[in-house]
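# Chains, contacts and geometry: an overview
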Amino acid sequence: MQILNWQSLSPQAQSAALKRSPLIGDNSLEQSVARIIEAVVANGDDALRDFNREFDSISLETLKLTTAEIAQSCKQVPDELKQAIAQAKANIERFHQAQQQPKVDIKTQTGIRCELRSEPIERVGLYIPGGTAPLISTVLMLALPAKIAGCAKRVLVSPPPINDAIVYAANACGIDEIYQIGGAQAIAALAFGTESIPQVDKIFGPGNRFVTEAKRAVSQDNRCTVSIDMPAGPSEVLIIADTQANADFVAADLLSQAEHGADSQVMLVTDSSELAEAVDSALAEQLKLLPRAEIATIALESSRTLIVEDLQMAAKVSNLYGPEHLLIQTQNPRAILNDIRAAGSVFLGAYTPESVGDYASGTNHVLPTYGYSKTVSSLSLADFSRRFTVQELTPRGLQTIADSVMTLAAAEQLDAHKNAVAVRLASLNKRDTSTDDTNEEWL
């Protein structure tokens, strides 16, 4: 990794040091994804079959897995992996069940009742990356909160051939609609629907830059009303480490994200030049042992170590970057946590590798990337529901608030708004309303 001294960099150079991989932002990406989306809209399942052959070198007549195929895949999963899935599933369920919120139902003043209600999103599409790294854990991260939230229709898509463990995890989470299609074409199918794949209301799941661009594109396409969870693309991590940090631990955590893909990015921010050099040496040694060393090496070419004057500056640099994953490996990590303003998920201490959040601690690993963690939150149970407000006024309640509403409406020159209150007041003035509220239990 390139080692830079943060203090010696100009403002322009500092900004350049925090830029994402150049593999992101390919000028042809938007056009390529648009072509794929239009093909799916025009030709449905036929386009999906063509893309399976083009991108995944597989020919499938039927895109949906049958009950028998699901059962067969489940049989192929070894017991050790099933047990690991079970432990992860239990922790993720527990953490997300704890996120259920009570209904808000209050009286803002006499005769005025306001509520905040939540209902599950009816139809959700769950995208599970496959390819060089089939993300079994992502099934749990998406399917479990969708089930807990009560989403009626849960559709899962993943590039073919779908890994048996992905099928097993989906089945364990109560999903029986599994389709063998990936990439931008899968996102288009979920957004617009095809002969076999149902249209959904919201799409969840991380993916490569094609998937990320497709999610952005369909969410802004006025031909459909689909929404997306967040910008969740190629993986990234930033580690804040002090001179006491274990260089082998730091290097292992950097590589755990670099191996995701060539367009991943990893960053180290430290107040110790000695640690920076030690981590660089550890990276070289650990790379020799990785089957995905070639992928990780390409990712490291767009990754950097930044040396800062102190840990307070390290927190500021991290906030500027807004990492997907933030690891704090210092003597007092919680002291630095107080200064963190932008991160998808934070991992505190030497014995909290990012891997635990990816798989089994209980938190969700679907996180915003590209710096969107400055404004976008990590995936939670709330993302699988829609929230709406309710208000109810008694005659007395309307009378007590009427003057304020009409004054504000007049100030905004919206006379019809004002009149909607005035006509009711006129009606109430013609009768005795002194006992109208006596039987209202919620008062």
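Scoring rules and cut-offs
Residues numbered from 1 in each chain as written. Predicted model: local features only at pLDDT ≥ 70, side-chain atom pairs only at ≥ 80, totals over all residues. Heavy atoms only, no water. Helix = DSSP H or I, 4+ residues; strand = E, 2+ residues; numbered from the N terminus. Buried < 20%, exposed > 50% of the residue type's maximum accessible area, 1.4 Å probe, protein only. Contact = heavy atoms within 4.5 Å. Areas by Shrake-Rupley, 256 points an atom, 1.4 Å probe, with all protein chains shown as cover. Pairing = 2+ DSSP bridges. Axes fitted to C-alpha atoms, helices over the stretch in contact; angles between N-to-C directions. Salt bridge = Lys/Arg side-chain N within 4 Å of Asp/Glu carboxyl O. Patch = residues over 30% accessible without salt bridge, like charges linked within 9 Å, V, L, I, M, F, W, Y side chains within 5 Å. Phe/Tyr/Trp six-rings, centres within 6.5 Å; stacked < 30°, edge-to-face > 60°.

Moving on to the overall build of the protein chain. Helices and strands together make up the secondary structure of the protein chain, namely 16 helices and 14 strands. Seen through its principal axes, the protein chain has C-alpha atoms that stretch 85 × 60 × 45 Å. Here the protein chain holds 443 residues, and the buried ones make up 50% of them. When contacts within the protein chain are restricted to residue pairs at least 6 apart in sequence, those whose partners lie at least 24 apart make up 74%. Approximately 21,100 Å² of the protein chain is accessible, and the part contributed by carbon and sulfur atoms is 49%.

Burial analysis of strand β4 (residues 123-127) places four of its five residues in the buried class, the great majority of the element. Relative to strand β5 (residues 153-158), β4 is paired through five bridges, and the arrangement is parallel. Directly across from Arg123, in β5, lies its bridge partner Lys153. Sheet analysis places β4 next to strand β7 (residues 202-204), joined by three bridges and oriented parallel. Following the sheet pairing, Leu126 is matched in β7 by Phe204.

Quick look at the sheet that holds strand β1 (residues 2-5) now. Ordered in space as β1-β11-β10-β9-β12-β13, the six strands form an open sheet in which the pairing is parallel. Two strands close off the open sheet at either side, each with one partner strand: β1 and β13 (345-348). Taken pair by pair, the neighbouring strands of this sheet meet at an average axis angle of 20°, ignoring direction. Packing of helix α12 (residues 311-321) onto the sheet brings it into contact with β9 (236-241), β10 (265-270), β11 (304-307) and β12 (325-329), and relative to β9 it is tilted by some 170°.

Here we take up the environment of Glu69. Here Glu69 is to be found in helix α3 (residues 67-76). Residues Glu69 and Val167, spaced 98 residues apart in sequence, show a C-alpha to C-alpha distance of 9.3 Å.

Before going further, it helps to spend a moment on unusual backbone geometry. Backbone torsion omega between Pro160 and Pro161 reads -10°, so that peptide bond is classified as cis. Inspection of the secondary structure puts Pro161 in the loop between β5 and α6 (164-172). A positive phi angle is found at Tyr370, which is not glycine, with a value near 60°. Note on placement: Tyr370 falls in the loop between α14 (354-359) and β14 (385-393). The class of Tyr370 is partly exposed, set by a relative accessible area of 24%. A positive phi is found at Gln413, a non-glycine position, where the angle reads about 60°. Relative to the elements of secondary structure, Gln413 occurs in the loop between α15 (395-411) and α16 (415-428). Under the relative-accessibility criterion, Gln413 is labelled exposed at 68%.

With that settled, consider the pattern of salt bridges. Evaluation of the coordinates by the stated rule reveals 18 salt bridges. Between Glu54 and Arg35 there is a salt bridge; the shortest N-O distance is 3.9 Å. Salt bridges sharing common partners tie together Lys103, Asp105, Arg113, Glu115, Arg117 and Glu392.

Spatially, the five strands line up as an open sheet ordered β6-β5-β4-β7-β8, and their pairing is parallel. If you trace the sheet from one side to the other, it starts and ends with β6 (177-180) and β8 (227-228), each paired once. Sheet topology places β5 next to β6; four bridges connect them, and they run parallel. Note that in β6 the partner of Val157 across the bridge is Tyr179. Helix α5 (residues 136-149) contacts β4, β5 and β7 of the sheet and is inclined by roughly 170° relative to β4.

This next bit is on a nonpolar patch on the surface. A cluster of nonpolar residues, Val104, Ile106 and Leu116, forms a patch on the protein surface that exposes about 230 Å² of accessible area. Here Ile106 is to be found in strand β2 (residues 104-109). Judged by relative accessible area, which is 46%, Ile106 ranks as partly exposed.

The geometry of an aromatic ring pair comes down to the distance between the two centres and the angle between the two planes. Taken as a whole and judged by the stated rule, the model has three aromatic pairs. When the centroid spacing of 5.6 Å and the interplanar angle of 10° are considered together, the rings of Phe51 and Phe55 count as stacked. With Phe51 and Phe55 both in helix α2 (residues 29-56) and four residues apart, this pair spans about one turn of that helix. Between Phe204 and Phe384, the aromatic rings sit 4.0 Å apart at their centres with planes inclined by 5°, giving stacked as the arrangement. Of this pair, Phe204 sits in strand β7 while Phe384 is found in the loop between α14 and β14, placing the two residues 180 residues apart along the sequence. Residue Phe204 is classed as buried on the basis of its relative accessible area, which comes to 0%. Take Phe384: its relative accessible area is 0%, and that puts it in the buried class.

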